[in-house]
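Residue strings, one per chain:
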Amino acid sequence: MSQGERNRPSNKQAALPSVGRRRTSLESPMGVLTIVFVALLAVVFYSSGFSTQRRQIPDEIVGTWHTTASDYADRAFEIRKTSLVFYASENEWTVHLIDRIETEDLGGGTLFTVYYDDKGGTTEFSFYYDPKRDGIIRFKNQREMEWKRQT
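Because the structure is a prediction, the values reported are computed rather than measured.

(A) Up close: the packing of aromatic side chains. In total, this model carries 14 aromatic pairs according to the counting rule given. Taken together, a centroid distance of 6.4 Å and an interplanar angle of 70° make the contact between phenylalanine 112 and tyrosine 129 edge-to-face. Separated by 17 residues along the polypeptide, phenylalanine 112 in strand S5 (residues 110–118) and tyrosine 129 in strand S6 (residues 121–130) bring together distant segments of the chain. Residue phenylalanine 112 shares its accessibility class with tyrosine 129, and that shared class is buried. Ring centres of phenylalanine 125 and phenylalanine 127 lie 5.2 Å apart, and the angle between their planes is 50°; this geometry places the pair in the tilted category. Of the two residues, phenylalanine 125 and phenylalanine 127, neither departs from the other in class, the shared state being buried. Over the face of the ring belonging to tyrosine 115 we find arginine 100, whose NZ or CZ atom lies 3.9 Å from the ring centre. For arginine 143, the ring lying beneath its charged end belongs to tyrosine 128, and the centroid distance is 4.1 Å.

Shown next, in the form of structure tokens:
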């Protein structure tokens, strides 16, 4: 039997059009490479977006903050460029490295959410900053209490 006779359908076989099996993009090597490249590109762009937010504390909130509220008169917190310090008393404080910061412009002020390392986990510290009225901070969960930067 010659090569041409093997490829010709016999009288008993129906003649089907010769259509090769189409590969989906996940099955072809080029498709896999394209998906991997797009995923890597997404990771790079996602990371670069956070690199502008990571540890970028604006100068206007850097400093030590106090309140006149009697329950918290002996307490304070300090915002540094790369860390937060919470003072429970004059002789007791904790320092936490900042992982990242997110901001939301609210028109008359800014909502800051600072994510920091706390005993191996991440904790968030959210507050509103009002640049008017000499830069007041109000905690998201205690909006009635005002914190002012020590001068």
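(B) Expanded view of the nonpolar core. Counting 18 residues, the largest nonpolar core has Ile61, Phe77, Ile79, Phe125, Phe127 and Ile137 as its most contacted members. Residue assignment for this core shows that the elements contributing at least two residues are strand S2 (76–79), strand S4 (92–105), S5, S6, strand S7 (136–139) and strand S8 (142–149). What phenylalanine 125 contacts, discounting residues up to four positions off in sequence, is Phe77, Leu84, Phe86, Phe112, Thr113, Val114, Tyr116 and Phe139.

(C) Spatial organisation of the environment of lysine 119. Within the secondary structure, lysine 119 sits in the loop between S5 and S6. Exposure remark for lysine 119: the relative accessible area of 84% places this residue in the exposed category. In sequence terms lysine 119 and histidine 96 are 23 residues apart; their C-alpha atoms lie 9.0 Å from each other.

(D) Seen up close, the pattern of salt bridges. For the structure on display, the rule yields four salt bridges. Notably, a salt bridge pairs lysine 81 with aspartate 59, separated by 2.6 Å at the nearest N-O pair. Of this pair, lysine 81 sits in the loop between S2 and strand S3 (83–89) while aspartate 59 is found in the loop between helix H2 (29–51) and strand S1 (63–67), placing the two residues 22 residues apart along the sequence. Between arginine 80 and glutamate 78 there is a salt bridge, with the nearest N and O atoms lying 3.2 Å from each other. A relative accessible area of 34% means that arginine 80 is categorised as partly exposed.

Analysis parameters
Residues numbered from 1 in each chain as written. Predicted model: local features only at pLDDT ≥ 70, side-chain atom pairs only at ≥ 80, totals over all residues. Heavy atoms only, no water. Phe/Tyr/Trp six-rings, centres within 6.5 Å; stacked < 30°, edge-to-face > 60°. Helix = DSSP H or I, 4+ residues; strand = E, 2+ residues; numbered from the N terminus. Buried < 20%, exposed > 50% of the residue type's maximum accessible area, 1.4 Å probe, protein only. Lys NZ or Arg CZ within 6 Å of the ring centre and 35° of its normal. Core = buried A, V, L, I, M, F, W, Y, C linked by side-chain atoms within 4.5 Å. Contact = heavy atoms within 4.5 Å. Salt bridge = Lys/Arg side-chain N within 4 Å of Asp/Glu carboxyl O.

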